[in-house]
Amino acid sequence: MRFVSFIHNGESRIGLRSQDEIIDLSIAMPELPKDLLAVLQAGSELMTRIEANTKNAPQEARKAYQDLTFAPLIARPPKIICIGRNYAAHAAEGGAQTPTYPEIFFRGAESLIGHKQDIIRPKCSDRLDYEGEIAVIIGKKGRHITKENAFDHIAGYTLFNDATIRDYQRKSSQWTIGKTFDGTGAFGPELVTSDELPIGLKEVQIQTRLNGRVMQDANTRDLVFPVDYLIETLSECMTLLP
């Protein structure tokens, strides 16, 4: 399944993609929560029910995908955990050695914006940069998760533009200040559930284009720390939540 979050008449809604249309779940299944975080918190049984009950959604629940005003997939996630220099080539490009332990920083919820929304350069800097990334969406709460069980805790994956204010990133050894400016994290458009993708998102290409020109071209086979390792390592310290 492919979930989206969008705004309709000033109200936040969630939808399920069906080819070139979105099934508005507030119409097809009005008993559902109106935000994706609450759906994830409800567990896998609700996800299964959504899949079954939307196959014959009425026409009035269907909207053209191209007409949507997208919102961040999840407006206020409990945690937004980021891993720096996790592609060996990207680390080398910045003149850094390949890390031996994940370089962890956080984003705040106010940094998130939806697909196709503008990223606005802040007044204090002209060093706005872009970084195409993959976001892993946790679907099941866990602490001390093993690599063997890590994928059971993933609801799905999405895209993320980790826009960065480079001079602020380099003001200290901690990157967070340059990575969490308001309105700099484009989050979405779709949560693609894990069953539609390779396990652990292995061997998946990620590419960033600027005005049609390819600027970043990588593959998840080159991750220094793969997804299952990261989930095991992060959950040594903190509880991972949907």
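In case you missed it, the structure is sitting above this.
These lines cover the structure that appears in this document, whether it is placed above or below.

As a further point, take the pairing of strand β3 (residues 21-24). Of the pairings in the sheet, the one linking strand β2 (residues 11-18) to β3 comprises four bridges and is antiparallel in character. Residue pairing in the sheet places Gly15 in a bridge with Asp24 of β3. Of the strand pairs in this sheet, β3 and strand β4 (residues 62-64) are connected by three bridges, and their pairing is antiparallel. Bridge assignment links Glu21 to a residue of β4, and that residue is Ala64.

Looking now at a nonpolar patch on the surface. Together, Tyr101, Ile104 and Phe106 line one region of the surface with nonpolar side chains, adding up to about 260 Å² of accessible area. Topologically, Phe106 is positioned in strand β7 (residues 103-106). In this structure Phe106 comes out as partly exposed when scored by relative accessible area, which is 33%.

Moving on, we get to the packing of aromatic side chains. Taken as a whole, this structure holds five aromatic pairs when the rule is applied. An angle of 65° between the planes, with centres 5.5 Å apart, marks the rings of Tyr65 and Phe70 as edge-to-face. When the ring of Phe160 is compared with that of Phe187, the centres are 5.8 Å apart and the planes differ by 50°; the resulting orientation is tilted. Of this pair, Phe160 sits in strand β11 (residues 154-162) while Phe187 sits in strand β13 (residues 185-187), placing them 27 residues apart in sequence. Cation over ring: Arg17 sits above Tyr65, and NZ or CZ is 3.8 Å from the ring centre. Over the ring of Tyr168 we find Lys171; its NZ or CZ atom is 4.7 Å from the centre of that ring.

Once that is clear, we can look at helix α7 (residues 227-237). Residues spaced three or four apart along an α-helix point in a common direction, a consequence of the helix completing one turn every 3.6 residues. Looking only at α7, the buried set comprises Val227, Asp228, Leu230, Ile231, Thr233, Leu234 and Ser235. Elements in contact with the buried residues of α7: β6 (81-84), β7, β10 (132-138) and β11.

Right, let's get into helix α3 (residues 44-53). Listed as buried for α3 are Leu46, Met47 and Ile50. Down the axis of α3, the sector holding all buried residues measures 105°, keeping them to one side. Structural note: α3 exposes Ser44, Glu45 and Thr48 on the side pointing more than 90 degrees away from its buried face. Check the buried side of α3 and you find it contacts β1 (2-8), β2, α1 (25-28), α2 (36-42) and β14 (191-193).

When a protein is soluble and globular, its nonpolar side chains tend to lie buried together. Ranked by size, the top nonpolar core spans 30 residues in total, and within it Phe3, Leu25, Leu36, Ile50, Ile74 and Phe187 carry the most contacts. Sorting the residues of this core by element identifies β2, α2, α3, β10 and β11 as the ones contributing at least two each. Ranked by the residues each element gives to this core, the list is headed by α2, at four residues. When near neighbours in sequence (up to four residues on either side) are disregarded, Phe3 contacts Gly15, Leu16, Leu25, Leu36, Met47, Ile50, Leu73, Pro189, Glu190, Leu191 and Thr193. Grouped together as the second largest cluster of nonpolar side chains are 12 residues, Ile138, Tyr157, Leu201 and Val227 included.

Turning our eyes to something else, we now look at the environment of Leu234. Its place among the elements puts Leu234 in helix α7. Here Leu234 falls in the buried class, since its relative accessible area comes to 11%. Put simply, Leu234 and Ile104 are 130 residues apart on the chain and 9.2 Å apart in space, counted from C-alpha to C-alpha.

This paragraph deals with the environment of Val214. Examined against the element boundaries, Val214 turns out to sit in strand β16 (residues 213-219). Look at Val214 and you get partly exposed, because its relative accessible area is 42%. Ignoring any residue separated from it by four or fewer positions in sequence, one finds Val214 in contact with Gln207, Thr208 and Arg209.

This part covers the layout of surface pockets. When its volume is computed, the second largest pocket comes out at roughly 930 Å³. As for the second largest pocket, its lining consists of 31 residues, and the residues nearest its centre are Leu159, Phe160, Gly188, Pro189 and Gln207. Looking at the lining of the second largest pocket, the elements with two or more residues in it are β10, β11 and β15 (205-210).

The rules behind these values
Residues numbered from 1 in each chain as written. Predicted model: local features only at pLDDT ≥ 70, side-chain atom pairs only at ≥ 80, totals over all residues. Heavy atoms only, no water. Pairing = 2+ DSSP bridges. Helix = DSSP H or I, 4+ residues; strand = E, 2+ residues; numbered from the N terminus. Patch = residues over 30% accessible without salt bridge, like charges linked within 9 Å, V, L, I, M, F, W, Y side chains within 5 Å. Areas by Shrake-Rupley, 256 points an atom, 1.4 Å probe, with all protein chains shown as cover. Salt bridge = Lys/Arg side-chain N within 4 Å of Asp/Glu carboxyl O. Buried < 20%, exposed > 50% of the residue type's maximum accessible area, 1.4 Å probe, protein only. Phe/Tyr/Trp six-rings, centres within 6.5 Å; stacked < 30°, edge-to-face > 60°. Lys NZ or Arg CZ within 6 Å of the ring centre and 35° of its normal. Contact = heavy atoms within 4.5 Å. Arc of directions from axis to C-beta. Core = buried A, V, L, I, M, F, W, Y, C linked by side-chain atoms within 4.5 Å. 1 Å grid on protein atoms, 1.4 Å probe; cavity = no way out; pocket = protein on both sides within 12 Å on 5 of 7 lines; lining within 4 Å. Points joined across faces, edges and corners; volume = space filled by probe spheres on them.

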